[in-house]
Amino acid sequence: MDITVLFKLTYGLYVVGTFDEGRPVGCIINTCFQVTSQNPIVAISLNKNNYTLEAVRKNTRFSLSILAEDSDPDVIGSFGYRSSRDNDKYEGFGYDTVDGVPVVKGKFAGRLVLDALNFVDNETHYVVFARLVNTVPGEGTPMTYDYFHRVIKGKAPKNAPTYVEEDAEKEAEEGEKLVADNRKHTYKCIVCGKEVEAEGNLPEDFKCPACKKGRDVFERMPEK
């Protein structure tokens, strides 16, 4: 069964933000939809392994920042591929507090403040139904998940409901692209889309400055 057909379903990209005993935490999600029009309720999907889910269950109030196509891509790397359990994802961006929850600073298409009503168990994920408390207008075209894959060339983190495990042969292929020489090249992280420049090969211990993945997730961009 070709599950990549599921990529044709429409998704967006959002930053969930909440406090955990006064510390701002958060994560990237790609599933959110409006359930009711009167006194609006929305639903989001959170992986059971997400530290942010634990914080939302305790705090119940959370923010949802809607990424725009021209939002800082480093936000995706920071919030999508690291755990709030042992990382300050807001470092380098900062945050404002709106109605008691953190919202990461930067350009976004809009913000929502929500109160969780209930959590529905769906095997690997919880669907969280939440009441809309407040909105903050933003600007820009909302980033769709298709745009994230097609333009940014990003890939879903393991906790995302749309994650597809990479084939080992493809991973080996990507590694073969890192052929040693002394010319200056541009490399792009296939996980979060971050681009870096380096002379020759990336060092073996190189880490993506955005998502902290190793050099094996970088591909060399074609020469201009």
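Keep in mind it's a predicted model, so treat the numbers as computed, not measured.

In this section: the overall build of the protein. Looking only at helices and strands, the protein has four helices and 12 strands in total. By residue count, 46% of the 224 residues in the protein fall in the buried class. Relative to all contacts within the protein whose residues are 6 or more apart in sequence, the contacts with residues 24 or more apart total 60%. As presented, the protein carries roughly 12,100 Å² of accessible surface, and 49% of it is formed by carbon and sulfur atoms.

By the criterion of burial, helix α2 (residues 73-80) is predominantly enclosed, with six of the eight residues buried. Those residues of α2 that are buried lie in contact with β1 (14-20), β2 (23-29), β5 (61-67), β7 (101-104), β8 (108-122) and α3 (145-150). Where α2 starts, the residue carrying a side-chain oxygen 2.9 Å from the main-chain nitrogen of D74 turns out to be D72.

Looking at the secondary structure, you find V113 in strand β8. Under the relative-accessibility criterion, V113 is labelled buried at 2%. The spacing of V113 and V103 is 10 residues in sequence and 9.2 Å in space, taken between C-alpha atoms. Setting aside anything within four residues of it in sequence, one finds V113 in contact with R61, F62, S63, V98, D99, V101, R131, L132, V133 and N134.

On average, residues of the protein carry a pLDDT of 85, and 84% of them reach 70 or more. Contacts of residues 167-180 to residues separated by more than four positions or lying in other chains number 16 contacts, the stretch itself having pLDDT below 50.

Tallying each qualifying case throughout the model produces eight salt bridges. Residue K105 pairs with D96 through a salt bridge whose shortest N-O separation is 3.9 Å. Relative accessible area serves as the criterion here: at 41%, K105 is assigned to the partly exposed category.

Turning our eyes to something else, we now look at helix α1 (residues 51-59). The complete set of buried residues in α1 reads Y51, T52, L53, A55 and V56. On its buried face, α1 sits against β1, β2, β4 (41-47), β5, β8 and β9 (125-137). Positive phi appears at T60, one or two residues downstream of α1, with a value of about 65 degrees.

On a regular strand, each side chain points to the face opposite its neighbour's, so the side chains alternate between the two faces of the sheet. Sheet topology note: the β4/β9 ladder contains seven bridges and is antiparallel. Bridge pairing links V42 to A130 in β9. With 12 bridges joining them, β8 and β9 adopt antiparallel strand pairing. Opposite N122, over in β9, you have H125 as the bridge partner. Connecting β8 to the next strand, β9, in antiparallel fashion are two residues, including E123 with a positive phi near 60 degrees.

What counts as what
Residues numbered from 1 in each chain as written. Predicted model: local features only at pLDDT ≥ 70, side-chain atom pairs only at ≥ 80, totals over all residues. Heavy atoms only, no water. Helix = DSSP H or I, 4+ residues; strand = E, 2+ residues; numbered from the N terminus. Buried < 20%, exposed > 50% of the residue type's maximum accessible area, 1.4 Å probe, protein only. Contact = heavy atoms within 4.5 Å. Areas by Shrake-Rupley, 256 points an atom, 1.4 Å probe, with all protein chains shown as cover. Polar contact = N/O pair within 3.5 Å; in protein donor to acceptor, adjacent residues only side chain to side chain. pLDDT = per-residue confidence, 0-100. Salt bridge = Lys/Arg side-chain N within 4 Å of Asp/Glu carboxyl O. Pairing = 2+ DSSP bridges.

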